[in-house]
Each structure stands twice: as C-alpha cells, then as structure tokens.
Amino acid sequence: MQAVRYRVGTTYWSLVDINLMLRTRMLKTGRIDPRVHFALSYGSVSSPSMRCYTRAGLSAQLDDAARDYCRPVRVVEPDAAGGSYQVWLPIGFKFFASDLARTRRALLLLIARAAS
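Residues numbered from 1 in each chain as written. Predicted model: local features only at pLDDT ≥ 70, side-chain atom pairs only at ≥ 80, totals over all residues. Heavy atoms only, no water.

S.K.: Summarise the packing of aromatic side chains; cite the residues concerned and give the values.
M.R.: Counted according to the given criterion, the structure contains six aromatic pairs. Plain terms: the ring middles of Y69 and F96 are 6.3 Å apart, the flat faces sit at 45° to each other, and that makes the pair tilted. Pair noted here: Y69 is in helix α2 (residues 58-70) and F96 is in helix α3 (residues 92-100), with a separation of 27 residues, a long-range link. Its relative accessible area of 7% is what places Y69 among the buried residues. The class for F96 is buried, based on a relative accessible area of 9%. Seen in terms of ring centroids, F93 and F96 are 5.6 Å apart; in terms of plane orientation they differ by 45°. Their pairing is tilted. (Phe/Tyr/Trp six-rings, centres within 6.5 Å; stacked < 30°, edge-to-face > 60°. Helix = DSSP H or I, 4+ residues; strand = E, 2+ residues; numbered from the N terminus. Buried < 20%, exposed > 50% of the residue type's maximum accessible area, 1.4 Å probe, protein only.)

Shown next, in the form of structure tokens:
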C-alpha cells in the first residue's frame with residue numbers, strides 16, 4: 001500500500017501517510033473528530049469505503065461515512081433465561097475505539113447516533 005500515492009496539493013501521500021498525519025495532528029491539538037476514523041481507508045476489507053471529500057461538504061460527508069460504517073452493527077438480545085445484550089461491531093472498532101470514546105456506554109451512544 002505504501003507504493004500507491006495520491007497527490008494532495010504539491011505533495012504525494014500514501015493512505016498510511018495521510019492517516020498518520022491526521023491522527024498525529026488531532027492528538028497534538030486535542031481536537032479529535034471521531035468521524036475521521038469512519039472516513040480513512042487503508043484499502044482493506046474492514047476499512048471504510050474509499051471516498052472523495054470536499055472542503056465545502058466535509059461535515060455532511062463525514063456524517064455519511066460514519067453512518068455507512070456503523071450500518072453493519074448488530075444488537076443480539078438475550079435469550080429468555082436472561083443474560084446481557086451483545087453488540088457486534090465492525091472489526092475496525094477494535095483498533096480505534098479508545099480514540100472514539102472513554103467508556104463502552106459512550107462508544108455505544110456514538111455508534112447509535114452515527115447509525116441513525
């Protein structure tokens with residue numbers, strides 16, 4: 001994947017370069033928009049779909065990306081004997097859940113908002 005690069009302005013970047021640059025900048029500034037994780041693709045099956053984004057429509061486009069990534073979330077209700085609910089998430093949440101929310105409850109609320 002490092003071999004494929006995209007021109008942004010006058011510089012050529014790989015998808016990994018772009019992802020690392022954005023994450024580093026967000027962590028340094030403390031301004032983390034969780035929707036970015038739903039927009040950045042590594043080109044793998046579990047990554048969000050590749051899209052083009054524009055400055056003018058970025059917020060709505062990030063909302064769309066979050067909604068599409070959260071669509072496969074499934075909630076499995078407990079059986080009649082009781083137990084707890086299970087939530088099945090796309091594998092990407094395993095890697096960036098801590099960037100999205102500090103607690104499971106907060107993560108589930110974020111996913112519910114994104115998927116609606």
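S.K.: Could you give an account of helix α4 (residues 104-115), naming the residues involved and the relevant values?
M.R.: Its twelve residues place the ends of α4 16 Å apart at the C-alpha level, agreeing with the 16 Å of an ideal helix rising 1.5 Å per residue. Three or more residues of α4 are buried, namely L107, L110, I111 and A114. The buried residues of α4 all sit within an arc of 100° when viewed along its axis, so they share a single face. Exposed residues pointing more than 90 degrees away from the buried face of α4 are listed as R105 and R113. Turning to α4, the residues buried within the fold contact α2 and α3. (Expected span 1.5 Å × (residues − 1). Arc of directions from axis to C-beta. Contact = heavy atoms within 4.5 Å.)

S.K.: Can you lay out the nonpolar core for me, pointing to particular residues and giving the numbers?
M.R.: Membership of the largest hydrophobic core comes to 16 residues, with the highest contact counts inside it found for F38, C70, F93, F96, L100, L107 and I111. Broken down by secondary-structure element, the contributors of at least two residues to this core are α2, α3 and α4. What L100 contacts, discounting residues up to four positions off in sequence, is P34, H37, F38, F93, L107 and L110. (Core = buried A, V, L, I, M, F, W, Y, C linked by side-chain atoms within 4.5 Å.)

S.K.: Can you explain the pattern of salt bridges? Please cite residues and give values.
M.R.: Considering all chains together, one arrives at five salt bridges under this definition. Of the charged contacts, one joins D17 and R5 as a salt bridge, the two residues approaching to 2.5 Å between their closest N and O atoms. Of the two residues, D17 is situated in helix α1 (residues 15-29) and R5 in the segment before β1 (6-8); the sequence distance between them amounts to twelve residues. For R5, a relative accessible area of 40% corresponds to the partly exposed category. Linking D68 and R71 is a salt bridge whose minimum nitrogen-to-oxygen distance equals 2.7 Å. If you follow the salt bridges from partner to partner, you end up with R51, D68 and R71 in one network. (Salt bridge = Lys/Arg side-chain N within 4 Å of Asp/Glu carboxyl O.)

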